[in-house]
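So you can see what is in the structure, the chains are spelled out below.
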Amino acid sequence: MEKWKAQCVFITHNIFIRLFFITAAVVWTLGLQTSNVFVVPLVIILWFFLKSDRIQTIRQGQEKTEKIVVNLIAGVFAAFWVMGNYDVYQEKGIFLIIQYAVSMLGIYLLLRECIGILVYKLSRCNLRSADIQKISPFRLGICVFFICILCWLPYFLAYYPGIITDDAEWQLEQAIGLRSFSNHQPWIHTMFHRLFYKIGYYLFHTVNAGVAVCVVVQMGVMAAAFAYLITTFYREHMKRGFLYGCVIYFALIPFHALYAITLWKDVAMGAVVLCFSVSVWRMTGERKVGIGTSLIFLIMGLLLCILRSNGFYAYLLCVPFFLLFLKRNRRSILLFSVMTIALTLFYKGPVLKYYGVTPPDTIESLSIPAQHIARVIADDGTLSEKQEKLLSKAVDVSQIKKEYDPALSDPIKTLVRQTGNQEYIAEHKIDYFKLWIELGIEHPSTYLKAQIDQTKGYWYPDIQYWVTTTMMKENSWGMYRDSKMPGCVLNIMRFVETLYKQIPILGLLWSIGFYTWTMILLAGVTICRKKSIAPFFPVAAILLSLFIATPVQAEFRYSYAMMTTIPLFIMIACSEEKRQDEENSSIDTMLQ
């Protein structure tokens, strides 16, 4: 055992061995030729990087917890990196396995050093300031609110009355009574649209005005949520530079502005998860949960459960961890959780039934299993006569290979809706579950490839997919694009909106995988500081639900809650605990 450990230490610390593994891993995963001249400067840079005194000093200064966290994160990221590039490997059989192993080890060795530096620095920095607050938190909140609104206003005027995609137009048709209600888009969200559309139409007597009021209300909700977060930071005595950075992030990054004027449930979900996560964070520091924190936890928890179908499952996944990590407030959390779950079940059952709301169809929630099975057929996998007979009752098997898209489940779901029998699927769930398991046992590598291709945008940074749109869906009920901006201004705005595609580093802000990596890194730093990671659970649970149920490889809006909460995670990870003699910053104090 000791000899084996010594060999491992030699491999992971000898600079020449590390150089070989890291260089091979980078060349293979980037798809470079082994004769590429870029390898020479790469080796030189790596040599000086690995030999630097700073690396040695940091490694010696790491505590035991830091070393464990760094190694775990480096291992996870290395796995993500290699899996995200699995299709660039051309070898077969045992040589392919060796190539995977060398790549994993090489990327791990590289990331171990990089992450070690980041964790060491972040776990010792402090965003908390001793500066005296010169303005009241309420005034600051009002200022942040209007700064966001003013920065988003040009987008609202340019794309007046708002950005309306297929989903949003379909939902608005339900809101104004042109379609029957469906919970495919959350009914409660549709009812909010119905209320504000009627107010706008009543006041201004046009369809566009009704839609515009819905958009303005959403802008107000998002600006209020961001102002609430930054005001919380201010009460926690965060440094001015961090506060300014948060304002710039929310007010000036184009996707926040475009999402604020896009009528998607995912946008509202971003505000809900942000406020819910803040309430969880407050519970980690409050010995007795105040009324304000309790109300936010209860109301936002309920909205989390009913605004998205995966939100309910994410909430259920969080509850046991809340009870485990928030010991001080275990009774309160148990009570609020039971209330939230009971209200959600009442809403999803009797309430929706009473209003005649149609539930989503069966295939809608089966994206990942459908993609697994479709990949087997698309890759010419064999089916037994019994398996093919059962599958043919759900879909036209002969068209699967033609329709299958590894990054999008919609073509297969549409094929099921057009050629299959969803009632038969619902009545024979166990049979189809057994079919899915059987094919997974017979074709494990095919299932793994399908899973990677369907989800890798959420955990691998180098995936570019559309993030924003300026669409106005054609309709027959009078809504139309009526821009209030001249064409030249529109052209400038469109250029700015897509600038991230041309500028390295900046594009990371539009990458879901980058935010996932950042969240994992910040959670690791939080652990190193011996602070609670409970506030990370809601976003982590939503992300996990996307890993097992996403219909699209990298839909930015589905994970928008992570982008709204990332400043909170930075604050938690990069600030020292508040001293007992400092001002009480509970939500109850904020509401006074």
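For clarity, every value in this text was computed on a predicted model and none was experimentally measured.

1. Looking at helix α18 (residues 385-392)
So, step 1. For α18, the full list of buried residues reads Q387, L390 and L391. Seen along its axis, α18 keeps its buried residues to an arc of 95°; they face one direction. Exposed residues lying more than 90 degrees from the buried face of α18 are E385 and K389.
So, step 2. Contacts made by the buried residues of α18 are with α17 (367-378), α21 (422-427) and α22 (429-442).

2. Let's talk about the nonpolar core
So, step 1. Counting 161 residues, the largest nonpolar core has W152 and F255 as the members making the most contacts within it.
So, step 2. Dropping the residues within four chain positions of it, F255 is found in contact with Y249, V467, T468, L509, W510, Y515, F556, Y560 and M563.

3. A look at the confidence of the model for the chain
So, step 1. Residues with a pLDDT of 70 or more make up 95% of the chain, whose mean pLDDT is 90.
So, step 2. Looking over the chain, one finds the lowest element-wise mean pLDDT in helix α28 (residues 587-591), namely 41, and the highest in helix α27 (residues 560-573), namely 97.

4. Brief notes about the pattern of salt bridges
So, step 1. Per the stated rule, a full pass over the model turns up 17 salt bridges.
So, step 2. The partner of E173 in a salt bridge is R179, with the nearest N and O atoms 2.4 Å apart.
So, step 3. Take R179: its relative accessible area is 40%, and that puts it in the partly exposed class.
So, step 4. Two residues, D453 and R375, come together in a salt bridge whose shortest N-O distance is 2.8 Å. Of the two residues, D453 is situated in helix α23 (residues 444-455) and R375 in helix α17; the sequence distance between them amounts to 78 residues.
So, step 5. Each member of the salt-bridge network shares a partner with another, and the members are D167, D266, R308, E555 and R557.

5. A look at the packing of aromatic side chains
So, step 1. Summed over the entire model, instances satisfying the criterion amount to 39 aromatic pairs.
So, step 2. Pairing F255 with F556 gives two aromatic rings, centres 5.0 Å apart and planes at 65°, and the pair type is edge-to-face. Within this pair, whereas F255 is found in helix α12 (residues 254-260), its partner F556 is found in the loop between α26 (537-549) and α27, the two being separated by 301 residues in sequence. An identical accessibility class is assigned to F255 and F556; each is buried.
So, step 3. Seen in terms of ring centroids, Y424 and Y432 are 6.3 Å apart; in terms of plane orientation they differ by 85°. Their pairing is edge-to-face.
So, step 4. Counting every residue linked through ring pairs, the aromatic cluster contains F255, Y259, W264, Y465, W466, Y500, W510, F514, Y515, F556 and Y560.
So, step 5. A cation over a ring is seen here: R308 above Y558, with NZ or CZ 4.8 Å from the ring centre.

6. A closer look at the environment of M283
So, step 1. Turning to its location among the elements, M283 is positioned in helix α13 (residues 265-285).
So, step 2. M283 gets classed as buried once you look at its relative accessible area, which sits at 1%.
So, step 3. Between the C-alpha atoms of M283 and G75, which are 208 residues apart in sequence, the distance is 32 Å.
So, step 4. Discounting chain neighbours no more than four positions away, the residues touching M283 are V289, T293, F297, L326, N329, I333 and F336.

7. Some remarks on the packing of helix α14 (residues 291-307) against helix α16 (residues 330-354)
So, step 1. Running from N to C, α14 and α16 point in directions that differ by 35°, and their axes come no closer than 9 Å. Viewed along their axes, α14 and α16 form a crossing whose handedness is right-handed. For the pair α14 and α16, the contacting residues are S294, F297, L298, G301, L302, C305 and I306 in the first and I333, F336, S337, M339, T340, L343, T344, Y347 and K348 in the second.
So, step 2. Broken down by class, the residue content of the contact of α14 with α16 amounts to 10 nonpolar, 5 polar and 1 charged.

8. Some remarks on the packing of α13 against α27
So, step 1. At a minimum axis distance of 7 Å, the contact between α13 and α27 shows a crossing angle of 25°. In terms of orientation, α13 lies roughly parallel with respect to α27. The handedness of the crossing between α13 and α27 comes out as right-handed. Facing α13, whose interface residues are D266, V267, M269, G270, V273, L274, S277, V278 and W281, α27 presents Y560, A561, T564, T565, L568, M571 and I572.

9. Digging into a nonpolar patch on the surface
So, step 1. A cluster of nonpolar side chains, F138, I142, F146, L150 and L153, forms an exposed patch at the surface whose accessible area comes to about 520 Å².
So, step 2. Secondary-structure assignment places F146 in helix α7 (residues 137-158).

10. Looking at the environment of Y480
So, step 1. In this structure, Y480 sits in the loop between α23 and α24 (487-497).
So, step 2. By relative accessible area, Y480 is classed as partly exposed at 47%.
So, step 3. In sequence terms Y480 and P161 are 319 residues apart; their C-alpha atoms lie 7.8 Å from each other.
So, step 4. Y480 has contacts with Y160, P161, N208 and M472, leaving out every residue within four places of it along the chain.

The rules behind the values
- Residues numbered from 1 in each chain as written.
- Predicted model: local features only at pLDDT ≥ 70, side-chain atom pairs only at ≥ 80, totals over all residues.
- Heavy atoms only, no water.
- Buried < 20%, exposed > 50% of the residue type's maximum accessible area, 1.4 Å probe, protein only.
- Helix = DSSP H or I, 4+ residues; strand = E, 2+ residues; numbered from the N terminus.
- Arc of directions from axis to C-beta.
- Contact = heavy atoms within 4.5 Å.
- Core = buried A, V, L, I, M, F, W, Y, C linked by side-chain atoms within 4.5 Å.
- pLDDT = per-residue confidence, 0-100.
- Salt bridge = Lys/Arg side-chain N within 4 Å of Asp/Glu carboxyl O.
- Phe/Tyr/Trp six-rings, centres within 6.5 Å; stacked < 30°, edge-to-face > 60°.
- Lys NZ or Arg CZ within 6 Å of the ring centre and 35° of its normal.
- Axes fitted to C-alpha atoms, helices over the stretch in contact; angles between N-to-C directions.
- Left-handed = near helix turned anticlockwise from the far one by under 90°.
- Nonpolar A, V, L, I, M, F, W, Y, C, P; charged D, E, K, R; others polar.
- Parallel < 35°, antiparallel > 145°, perpendicular 65-115°, else oblique.
- Patch = residues over 30% accessible without salt bridge, like charges linked within 9 Å, V, L, I, M, F, W, Y side chains within 5 Å.
- Areas by Shrake-Rupley, 256 points an atom, 1.4 Å probe, with all protein chains shown as cover.

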